[in-house]
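Read off the chains here:
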Amino acid sequence: MEPIPPELQARARRIAAQIGSLASELPPAAAETAVRVCTVSDVILKALLDSPKLLSERVGDASAPGAEDVAARLGLPGLAEPEAMAALRRFRNVELARIAWRDLAGWADIDRSLLDLTALAEGLVAAAVGYAEDALAPRYGRAATEAGKPAPLLVLGMGKLGGRELNYSSDIDLVFLYPEEAELPGREQADVEEYFRRLAQLLIKLLDQVTEHGFVFRVDTRLRPFGASGPLVLSVSAFEAYLLQHGRDWERYAYVKARLLTGHAYQRAVFDAILTPFVYRRYLDFGVFEALRTMKRLISQEVARKDLRDNIKLGSGGIREIEFIAQVFQLVRGGRVAGLRTPSLLKALPLLAEHGQLTPAAVATLLAAYRHLRTVENRLQALEDQQTHDLPGDAERRARLALALGARDWATLVADLDRHRRAVEAEFGRVAWEGGADGRAAGVEGDELRTAWETGAIAGALEGTKLGADAEAVRLLAEFRGSALYRRMDEIGRQRLAAVITRTIPLLEQQATPALTIARVLPVFQAIARRSAYLSLLEENRDALERLLTVAGQSPLLARQISEHPLLLDELLDARLFDAPPTRAELERSLEQYLKNVSRDDLEALLDAMRQFQRAAIFRIAVADGFGGLPLMKVSDRLTDTAELVLGLARDIAYAELEAKHGKPMCGEPNELREAQFVIIGYGKLGGLELGYGSDLDLVFLHDSHGSHQETDGQKPLDNAHFFARLVQRLLHFLTIQTSSGRLYEVDTRLRPDGGKGLMVVSLDNFRRYQREEAWTWEHQALLRSRSVGGPAELRAIFENERREILIHHVDRAKLKDEVRKMRARMRKELSKGDPQTFDIKQDAGGLADIEFLIDYWVLASADKHPELVTYPDNVRQLEALEAARLVPAEHCRRLKDAYLELRKRTHELALAEAGRVVPAAEFRELRAWVVARWRETFGADAV
């Protein structure tokens, strides 16, 4: 510790004389530090002189008492009101001194001190509420619900109390509510309102009134609905109505810090139903940045007017700016990331780094500054128990504060403080202004462009530019500016759109095809024109706007997806979008995040989350494919992963829904029942791990129910066949339902036994029998491209073994070649979209289907002698197995693999360009001829 400086030694000697023998009653460690801590803190000195025994008992305690312990130690029941007020104040003074002593002596860090101060306040509020209820009981009785449960006063702690970050001499900001269902025995509703109002008034008096013992806490209730002019207490429903009709941006910031101090049973009613939807929007809410700037301007004006430059809370680089930084990102992202919905700044900042909103370095800087500023604030207030944030001007108080902070002198203290404040100021400036509304196209040209847009003279402003040279692009912009949609926009939306357009046009000049890009991006602007939160996202994020223009310039498919699903704009915020494709694990985490705040009982919300995940996942994969060089097979892997995750979720939702109604499907013999299982089989591109954009899902559904008992165990039992049939119907409904934004997948179930006329879901035994005894050659070809994609591991393994058994031992190889040749000829005739001048990459001779059928034939023809050929369901690994078994020349296998991947890559490119699958006949001419030659070698010269 720093020695007591000369200018404070006289004060220290006076204090040593004052406390005299009292120090001997203290624990040894406290006695050693008594003079020092009392020199810098009147709070501790006064408590030691007033209550030496109590403080000496408490100073060694490392943790604050809980609410029940506070109530027990206070012993308020039965006390007259003046006695109760005296007891509350004496307790507060001793506990405050205990916390301050431990802080100043270095026995507790700032985090611990803030938590202890908050716990003290919570305990005293709870004790005072209990006393007030007892005091009003003789006149009003006790409020209860119709069911007889207590209906408490709901006290919302706001600000630092809500965030568990209370300081030494802070006001406590409270909002009072009461349950809608509260009743008083034999009384009217007006009496209920009066009761809770009087209860809140008495609570405030118990805490706030200054007596000879001081006060407990200054209570501020101005954050309540309608402020000081509004009712002191509202019902929960009136509170909800206020927020819906009158809630303002600053209140959203305020309620980020809200926390229930009493009536915790009403947490869901107050937060889940009211506050969380009000504070945290389901969309990305970048409009809060402008609200942040507005609030900051007002505070800056106040700071300048009152000359608060030395105010460590409101001044530049102060505590309030750190709070604003955290809260603005919480408001932007909290609707989508449930973990950010915390009132604690110390918890929120690290989460912002974890979710990519701030860099780890920025978070480390802000946390260090926040802890330093809060330490200065606490020790400043501990000097004299004054609610101040202004650095002292007189020499003695400066010396006391420097000693309290362990600074060598005042100059050192100020230098450390200025270093932290400059860092905060810089980060605040970056967050609040960088890329924001004031960062639009700079200079006179930007202003002129904005004026031209706002006045409808955009064509003239574009003359002489690359964009202005394209009459169609100018027409589209002018048409949008003059549209009825634009006229229906509110003023805020128009201003934000003007900022986006003003920034977009110069960026388009950097594009290779600006006219084409604007034609693709205008539908996005039109889709979000009346949803100003999305306009704010693009206004506030230059990088996101640039990524949007890049994506639109390269891919009409991706541009269309964004216009149809504006939530995808969220993905443009991630700097890794173009060069860090998602992994399977990241997709799983993403789905978990979408589901994190969704009740498993809310079917519509679950399905919305599933759709949002699927669209975002495919979008990210497509961007990585088009821009990040994601290898073709990895593209298919990730598209397949996405489909499997969606399938699994749809299956779980459908199963839970049916289980709730009918119970679990049980089977076996009466004395040995087990749960019947269900497995999903993927065929075709899904089964072969080769999904493309827009691929159908070919699905077959199997169950393993058998025995004399096959029925669910619920109150409304179903036989298992009906249960699984309904399960499949619901699952398919979730996947294929047509919504305003389209459907998730097209699903084809015709590959099941007996095709379209067969049962939608069959037992594994029936599937086995059908495949062995009745299946056509084309069905065995389809089985070659199958694998289990969902269900319990044991049943999936059983299917995989059965698949191998069928393909090895039950294929009719005598007619295999003829059947494969005839089926392929039929497909070319019926499905080709090509003509003599064009080439259908999938169905024309020499295309993908020819390669696939060649592989099918070679594998099925030799699987009885080479079982390893059917280990994998995909074409590439089957070609590799054919090469390894020396059944097809190695050169042919390698060249077929290259041809297959090249053709598939081209189909992906065409899909991103929404250009179908037909290309000019000259494209792939040599490749096609080589594939056709291999076909004729295998199936005969007249086979094509």
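Preceding block: the structure.
Residues numbered from 1 in each chain as written. Predicted model: local features only at pLDDT ≥ 70, side-chain atom pairs only at ≥ 80, totals over all residues. Heavy atoms only, no water.

(A) Region of the structure containing the overall build of the protein chain. Helix and strand counts for the protein chain come out as 40 helices and 15 strands. With the C-alpha coordinates aligned to their principal axes, the bounding extent of the protein chain is approximately 115 × 85 × 60 Å. A buried classification covers 55% of the 944 residues belonging to the protein chain. Long-range pairs, those at least 24 residues apart, make up 73% of the contacts in the protein chain between residues at least 6 apart in sequence. In the protein chain, 127 positive and 138 negative side-chain charges are present, and the distance between their average locations comes to 1 Å. (Helix = DSSP H or I, 4+ residues; strand = E, 2+ residues; numbered from the N terminus. Buried < 20%, exposed > 50% of the residue type's maximum accessible area, 1.4 Å probe, protein only. Contact = heavy atoms within 4.5 Å. Lys, Arg positive; Asp, Glu negative; His and termini not counted. Charge placed at Lys NZ, Arg CZ, Asp CG, Glu CD.)

(B) Geometry of the packing of helix 36 (residues 816–831) against helix 40 (residues 925–939). Axis separation between helix 36 and helix 40 bottoms out at 11 Å; the angle between their running directions is 140°. Considering their axes alone, helix 36 and helix 40 lie oblique with respect to each other. In contact with Lys817, Val820, Arg821, Arg824 and Arg828 of helix 36, helix 40 contributes Trp935, Thr938 and Phe939. (Axes fitted to C-alpha atoms, helices over the stretch in contact; angles between N-to-C directions. Parallel < 35°, antiparallel > 145°, perpendicular 65-115°, else oblique.)

(C) Region of interest: the nonpolar core. In this structure, Trp453, Leu477, Phe525, Leu538, Leu548, Ile562 and Phe701 are the most contacted members of the largest nonpolar core, which totals 102 residues. With 14 residues, helix 29 (residues 603–627) is the largest single contributor of residues to this core. The residues touching Ile562, leaving out its near neighbours within four places in the chain, are Val524, Leu548, Val551, Leu568, Leu569, Leu572 and Phe619. Among the nonpolar cores identified, the runner-up in size contains 79 residues, and Leu48, Met85, Phe176 and Val219 belong to it. (Core = buried A, V, L, I, M, F, W, Y, C linked by side-chain atoms within 4.5 Å.)

(D) Highlighting the sheet that holds strand 7 (residues 672–675). Read across the sheet, three strands follow the order 7-6-10 without closing on themselves; strand pairing throughout is antiparallel. Where the open sheet ends on each side, the last strands, each with one partner, are strand 7 and strand 10 (709–712). Between one strand and the next, the sheet's axes are offset by a mean angle of 25°, whatever the strand orientation. Helix-sheet contacts for helix 32 (residues 720–736) involve strand 6 (665–669) and strand 10, and the interaxial angle to strand 6 is about 150°. (Pairing = 2+ DSSP bridges.)

(E) Seen up close, the packing of aromatic side chains. All chains considered together, the criterion is met by 17 aromatic pairs. Between Phe226 and Tyr242, the ring centres sit 4.7 Å apart and the planes meet at 70°, which makes this aromatic pair edge-to-face. Taken together, the residues Phe226 in the loop between strand 3 (219–220) and strand 4 (233–235) and Tyr242 in helix 10 (residues 236–246) connect sequence positions 16 residues apart. Residue Phe226 is classed as partly exposed on the basis of its relative accessible area, which comes to 42%. (Phe/Tyr/Trp six-rings, centres within 6.5 Å; stacked < 30°, edge-to-face > 60°.)

(F) Spotlight on the packing of helix 24 (residues 514–528) against helix 27 (residues 556–564). The interhelical angle for the contact between helix 24 and helix 27, taken along N-to-C directions, is 10°, at an axis separation of 8 Å. Considering the angle they form, helix 24 stands roughly parallel to helix 27. Between helix 24 and helix 27, the residues in contact are Arg520, Pro523, Val524 and Ala527 and Pro556, Ala559, Ile562 and Ser563, respectively. For the contact of helix 24 with helix 27, the residue count by class is six nonpolar, one polar and one charged. (Nonpolar A, V, L, I, M, F, W, Y, C, P; charged D, E, K, R; others polar.)

(G) Spatial organisation of the pairing of strand 9 (residues 697–703). Counted residue by residue, strand 9 has seven buried out of seven residues, so it is predominantly covered. Side chains Leu697, Leu699, Phe701 and His703 of strand 9 all project onto a buried face; the interleaved residues Asp698, Val700 and Leu702 project onto the opposite face, where all are buried too. Here strand 9 runs beside strand 11 (residues 747–748); their pairing, made up of two bridges, is parallel. In the strand pairing of strand 11, Leu697 is matched with Val747. Bridge count for strand 9 against strand 12 (residues 761–763) is three bridges, and the pairing is parallel.

(H) Examining the side chain of Arg651 more closely. Along the chain, the position of Arg651 falls in helix 30 (residues 632–662). For Arg651, a relative accessible area of 18% puts it in the buried group. Each residue touching Arg651, except ones within four places of it in the same chain, is listed here: Phe678, Ile680, Leu727 and Leu731.

(I) Examining the environment of Leu260 more closely. With respect to the helices, strands and loops of the structure, Leu260 is situated in strand 5 (residues 259–260). On the basis of relative accessibility, which here comes to 3%, the residue Leu260 falls in the buried class.

(J) Representation of the pattern of salt bridges. Per the stated rule, a full pass over the model turns up 74 salt bridges. The salt bridge partner of Glu95 is Arg98, with a shortest N-O separation of 3.0 Å. Remark: Arg98 and Glu95 occur in helix 6 (residues 81–104); sequence separation between them is three residues, near one turn of the helix. In terms of burial, Glu95 and Arg98 fall into one category: buried. Between Arg139 and Glu194 there is a salt bridge, with the nearest N and O atoms lying 3.5 Å from each other. With Arg139 in helix 7 (residues 110–140) and Glu194 in helix 9 (residues 189–208), this residue pair connects regions lying 55 residues apart in the sequence. Three or more residues joined by partner-sharing salt bridges are found here, namely Arg11, Asp42, Glu384, Asp394, Glu396, Arg397 and Arg400. (Salt bridge = Lys/Arg side-chain N within 4 Å of Asp/Glu carboxyl O.)

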